[in-house]
Amino acid sequence: MFAHSARRQLAALARNSRASSARWASTSSSSSPGSSNVWRRLKLFGGATALATTSYYIGALYPPEFAHLLSPRTAPPPLHPDDPAALAHIAELEDQLQHLSVLQAHRAREDKDEWYETRPYLNLPEERRVNSLTAGTLKGPGKLAIPPLVRAKHDASENWIFIHVGRALCGHEGVIHGGLLATLLDESLARVALLNLPEKVGVTANLNINYKAPTRAHQFIVIKVKLDEAKGRKARVSGTVEDMEGNVLVEANALFIQPRYAKLLNSTAVRHMLGEPSQSKEPITPGTVAPVPVKLPGGAQTLVDSKNP
């Protein structure tokens, strides 16, 4: 009887011992994965922090295009025309214009003899130029710093117009104002249209514009225009604004109509503004008929045509 009771107690002790060992083992095994998870999370956090820091500094040094649109950098104000640095700025832009790969490629085309070059506004008298929006009011450093360079077909069917748009022409900071682009398109489309009207005089009947992408400030653009139809007193034209990489920024088409009283008008000023067709097949380069910076009495500076000062 006594022996049987002792065996029961020993069996109970053994069971309790095994249960305690199992609980200890369970506790030990559960603590190990928990510690591993903590270290794993710390490593992930450290890696994410390093990646975020690296991305921040790379983005600050080389921000993507959309970052400029969302948070544009403030640019300095345009130079005053009398500032000596303005002359250097204009000369630098003129040099950049002459070395544009798009312009050089166009000058080397197989059909280059079918094209001529001109610089509108240069033959426009100063008393008229000062009251012109694009030739006078918007002329200067940071705006339309240099006169546009036009490559046009002798048959007046097509134009390529190279223009530099400065930072002082923005709507949203860093992006050229859409109204300014509409103005440039109106004048560029008009050049082809008017040269195809009987009296070379016309007015804009309608102008349709589709903005495809933002036009960044302080860059060269090319406005490509072609004649769609010329019939009597009406001329229809279309064109695009493109950057130097060939991206289409704006599309447009327009209808121009010659007024019935056009024969009574003096079209000389209009022809001067357009840049009358030249018979020369030579490109316009500095020192030939391109505008060159000169100093005026009193220190003022301007651009003049070296052959027509």
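Just so it is clear, the model here is predicted, and its values are computed rather than measured.

Calculation criteria
- Residues numbered from 1 in each chain as written.
- Predicted model: local features only at pLDDT ≥ 70, side-chain atom pairs only at ≥ 80, totals over all residues.
- Heavy atoms only, no water.
- Helix = DSSP H or I, 4+ residues; strand = E, 2+ residues; numbered from the N terminus.
- Buried < 20%, exposed > 50% of the residue type's maximum accessible area, 1.4 Å probe, protein only.
- Contact = heavy atoms within 4.5 Å.
- Areas by Shrake-Rupley, 256 points an atom, 1.4 Å probe, with all protein chains shown as cover.
- Pairing = 2+ DSSP bridges.
- Core = buried A, V, L, I, M, F, W, Y, C linked by side-chain atoms within 4.5 Å.
- Axes fitted to C-alpha atoms, helices over the stretch in contact; angles between N-to-C directions.
- Polar contact = N/O pair within 3.5 Å; in protein donor to acceptor, adjacent residues only side chain to side chain.
- Phe/Tyr/Trp six-rings, centres within 6.5 Å; stacked < 30°, edge-to-face > 60°.
- Lys NZ or Arg CZ within 6 Å of the ring centre and 35° of its normal.
- Patch = residues over 30% accessible without salt bridge, like charges linked within 9 Å, V, L, I, M, F, W, Y side chains within 5 Å.
- Salt bridge = Lys/Arg side-chain N within 4 Å of Asp/Glu carboxyl O.
- Expected span 1.5 Å × (residues − 1).

1. So, the overall build of the protein
Part 1: When you go through the protein residue by residue, the secondary structure sums to 8 helices and 9 strands.
Part 2: Here the protein, with 309 residues, has 33% of them falling under the buried criterion.
Part 3: Residue pairs at least 24 apart in sequence account for 69% of intrachain contacts in the protein once pairs closer than 6 positions are excluded.
Part 4: Accessible surface for the protein amounts to roughly 18200 Å². Of this, 57% is attributable to carbon and sulfur atoms.

2. Digging into the pairing of strand S6 (residues 234-243)
Each regular strand carries side chains that alternate between the two faces of the sheet.
Part 1: Where burial is concerned, most of S6 is hidden: 8 out of the 10 residues are buried.
Part 2: Pairing analysis gives 10 bridges linking strand S5 (residues 219-231) to S6, with the strands arranged antiparallel. Its bridge partner being in S6, Lys 224 is matched across the sheet by Thr 240.
Part 3: Between S5 and the antiparallel strand that follows it, S6, lie 2 residues; Gly 232 among them carries a positive phi value of about 60°.
Part 4: Here 9 bridges tie S6 to strand S7 (residues 248-257), and the two strands are oriented antiparallel to one another. Following the sheet pairing, Val 237 is matched in S7 by Ala 254.
Part 5: The hairpin turn running from S6 into S7, its antiparallel successor, is 4 residues long, and Gly 246 in that turn takes a positive phi close to 90°.

3. Observations concerning the nonpolar core
Part 1: Ranked by internal contacts, the top residues of the largest apolar core, which has 34 residues, are Ile 163, Val 165, Leu 184, Ile 221, Ile 223, Val 237 and Phe 256.
Part 2: Considering each element in turn, this core owes the most residues, 10 residues, to helix H7 (residues 178-195).
Part 3: Apart from the residues lying within four places of it in its own chain, the contact partners of Ile 163 are Leu 144, Pro 148, Leu 184, Gln 219, Phe 220, Ile 221 and Ile 223.
Part 4: Counting 15 residues, the second largest nonpolar core, distinct from the first, contains Leu 93, Leu 97, Ala 145 and Met 244.

4. Considering the sheet that holds strand S2 (residues 149-153)
Part 1: Strand order in the open sheet made by the 7 strands is S1-S2-S3-S5-S6-S7-S4, with antiparallel pairing throughout. Of all the strands in the sheet, just strand S1 (115-118) and strand S4 (203-211) have a single pairing partner and so form its edges. Neighbour to neighbour, the strand axes of the sheet diverge by 20° on average, direction disregarded.
Part 2: Sheet strands in contact with helix H3 (residues 84-98) are S2, strand S3 (158-165) and S5, and its direction is about 60° off that of S5.

5. What about the side chain of Ser 238?
Part 1: Structurally, Ser 238 is set in strand S6.
Part 2: Among the residues examined, Ser 238 registers a relative accessible area of 14% and is labelled buried.
Part 3: Here the side chain of Ser 238 touches Asp 228 through a polar contact of 3.0 Å, side chain to side chain.
Part 4: When sequence neighbours within four positions are dropped, the list of residues in contact with Ser 238 reads Leu 189, Lys 224, Val 225, Lys 226, Asp 228, Ala 252 and Asn 253.

6. With respect to the packing of aromatic side chains
Part 1: Within this structure, the stated rule accounts for 0 aromatic pairs.
Part 2: Above the ring of Trp 160, the side-chain terminus of Arg 109 is found at 5.8 Å from the ring centroid.
Part 3: For the cation-ring pair, Lys 224 lies above Trp 160, with the distance from its terminal atom to the ring centre recorded as 4.2 Å.

7. Looking at a nonpolar patch on the surface
Part 1: Taken together, the side chains of Val 38, Trp 39 and Leu 42 present a nonpolar region at the surface, about 340 Å² in accessible area.
Part 2: If you trace the backbone, Leu 42 turns up in helix H1 (residues 2-61).

8. Some points on H3
Part 1: Between its terminal C-alpha atoms H3 stretches 22 Å, which fits the 21 Å expected from 15 residues at 1.5 Å a residue.
Part 2: Ala 86, His 89, Ile 90, Leu 93, Glu 94, Leu 97 and Gln 98 are the residues of H3 that are buried.
Part 3: Where H3 starts, the residue carrying a side-chain oxygen 2.8 Å from the main-chain nitrogen of Ala 85 turns out to be Asp 83.

9. Concerning unusual backbone geometry
Part 1: Unlike most non-glycine residues, Ala 156 shows phi in positive territory, near 60°.
Part 2: Turning to its location among the elements, Ala 156 is positioned in the loop between S2 and S3.
Part 3: A residue is classified by how much of its surface remains accessible, and Ala 156, at 12% relative accessible area, is buried.
Part 4: Positive phi, close to 60°, is recorded for Lys 200, a residue that is not glycine.
Part 5: Among the structural elements, Lys 200 can be located in the loop between H7 and S4.

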